[in-house]
Amino acid sequence: GTTTDVTTTPTTVPFGLVSITSFMHAAQSLEVSTNAVGGYVVTAQQNYPLSLIGTAATIADATGNGANMTYSSKGRWDSTTYKGFGYGLKYIGKISGSGSAAFQYTDTDANCASGTFCAKQFADLSNAEPVQTIFSSSGVTDSENVDVCYKIVISNVQAAGDYENDITYTATATF
């Protein structure tokens, strides 16, 4: 449903020039295989909000259309009126296993009702926010895939420059 605007690598998401009038999209695919009988959990956390190198300026985490999108609550985010950075998930599938994503960008329930993109903020280590599960399985699995779909739009008063942060994905098996 959503196309990407930039080419990512396993370790970078180079948005480049970010717009004030339209969303920029990027994605990375995560894949897990395990023989752990209790399955696995994949969590995500950012070290701090996107920050302008050498300054205190940041690109805020998006709060979505209803100002109810947080690191722990998904929310509708399909209007560029609401600025910031966030992500949605797309569960791709598996060869075998019982995994699922914590939510999907196509969700239309709860805070995402009547929307076209359901999103969350990344949990922020600098604010002591706990890591959040993004996908998991309760048993042995082979090649379960989730796309992390990054989304960003900035305000017209955003300071120009190169912004960065680190997002850490951790896969933990349960034996």
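One numbering rule holds for all chains: residues counted from 1, following each sequence as written. Per-residue local features are limited, in this predicted model, to residues with pLDDT of at least 70; the limit for side-chain atom pairs, both in listing and counting, is 80 or more; totals at the level of whole chains, interfaces and linings are taken over all residues. Hydrogens and waters are ignored; side-chain quantities use all the structure's heavy atoms.

A. Examining the overall build of the protein more closely. The way it works is that DSSP assigns letters per residue, a run of H or I at least four long becomes a helix, a run of E at least two long becomes a strand, and they are numbered from the N terminus. When its secondary structure is counted, the protein shows zero helices and 12 strands. If you list the helices and strands of the protein from N to C, you get β-β-β-β-β-β-β-β-β-β-β-β. A globule of 175 residues ought to have a C-alpha radius of gyration of about 16 Å, and the protein, at 16 Å, matches this closely. Structurally, the protein occupies a C-alpha span of about 50 × 40 × 30 Å along its principal axes. Remark: exposure states derive from per-residue accessible area (1.4 Å probe, protein chains only) relative to the maximum for the residue type, with buried under 20%, exposed over 50%, and partly exposed in between. Looking at the protein residue by residue over its 175 residues, the buried ones come to 43%. The long-range share in the protein, meaning contacts at least 24 apart out of those at least 6 apart in sequence, stands at 75%. Per-residue and other accessible areas follow the Shrake-Rupley method at a 1.4 Å probe size, with only the shown protein chains counted as cover for residues. Accessible surface, the protein as shown: approximately 8,500 Å² in total, 52% of it carbon and sulfur. Residues scored as positive are Lys and Arg, those scored as negative are Asp and Glu, and His as well as the terminal groups of each chain are ignored. Working definition for charges: the position is that of NZ of Lys, CZ of Arg, CG of Asp or CD of Glu. Distance between charge centroids for the protein: 10 Å, based on 7 positive and 14 negative side chains. For this measure, only C-alpha atoms enter the radius of gyration; the expected value for a globule follows 2.2 Å times N^0.38, where N is the number of residues. Only heavy atoms matter for contacts: two residues are in contact if any of them lie within 4.5 Å across the pair.

B. Region of the structure containing the packing of aromatic side chains. Working definition: rings of Phe, Tyr and Trp (its six-membered ring) pair if their centres are within 6.5 Å, and the pair is stacked with planes under 30 degrees apart, edge-to-face with planes over 60 apart, and tilted otherwise. Tallying each qualifying case throughout the model produces nine aromatic pairs. Between phenylalanine 23 and tryptophan 77, the ring centres sit 5.2 Å apart and the planes meet at 85°, which makes this aromatic pair edge-to-face. Of the two residues, phenylalanine 23 is situated in the segment before β1 (24–34) and tryptophan 77 in the loop between β5 (75–76) and β6 (84–93); the sequence distance between them amounts to 54 residues. Take phenylalanine 23 and tryptophan 77: they sit in the same class, and that class is buried. With centroids separated by 6.0 Å and ring planes inclined at 25°, the aromatic side chains of phenylalanine 85 and phenylalanine 122 adopt a geometry described as stacked.

C. Expanded view of the environment of alanine 119. Within the fold, alanine 119 resides in strand β8 (residues 118–119). For alanine 119, a relative accessible area of 0% puts it in the buried group. As a C-alpha pair, alanine 119 and aspartate 142 span 23 residues in sequence and 27 Å in three-dimensional space.

D. Expanded view of the nonpolar core. The criterion is simple. A nonpolar core is a set of buried Ala, Val, Leu, Ile, Met, Phe, Trp, Tyr and Cys residues joined through side-chain atoms within 4.5 Å. Of all hydrophobic cores here, the largest spans 29 residues; its most connected members are Phe85, Leu89, Ile134, Phe135, Val148 and Ile152. Dropping the residues within four chain positions of it, isoleucine 134 is found in contact with Leu30, Val42, Thr43, Ala44, Tyr87, Leu89, Ala101, Ala102, Val148 and Tyr169. Counting nine residues, the second-largest nonpolar core is a separate cluster that includes Phe23, Ala62, Phe117 and Ala119.

E. Up close: the state of the cysteines. Throughout, a disulfide means two cysteine sulfur atoms within 2.5 Å of one another. Here the structure, examined in full by the defined rule, presents one disulfide. Here cysteine 112 engages in a disulfide with cysteine 118; their sulfurs sit 1.9 Å apart. Sign of the S-S torsion, about 55° for the bond between cysteine 112 and cysteine 118, identifies this disulfide as right-handed. Residue cysteine 112 shares its accessibility class with cysteine 118, and that shared class is buried. Free cysteine cysteine 149: the closest other cysteine sulfur is in cysteine 118, separated by 12 Å. Since its relative accessible area comes to 12%, cysteine 149 is described here as buried.

F. Looking closely at the sheet that holds strand β12 (residues 167–173). Ordered in space as β7-β9-β2-β12, the four strands form an open sheet in which the pairing is antiparallel. Where the open sheet ends on each side, the last strands, each with one partner, are β7 (100–101) and β12. When DSSP locates at least two bridges between a pair of strands, those strands are taken to pair. Where strand β2 (residues 40–46) meets β12, seven bridges bridge the pair, whose relative direction is antiparallel. Note that in β12 the partner of glutamine 45 across the bridge is threonine 168.

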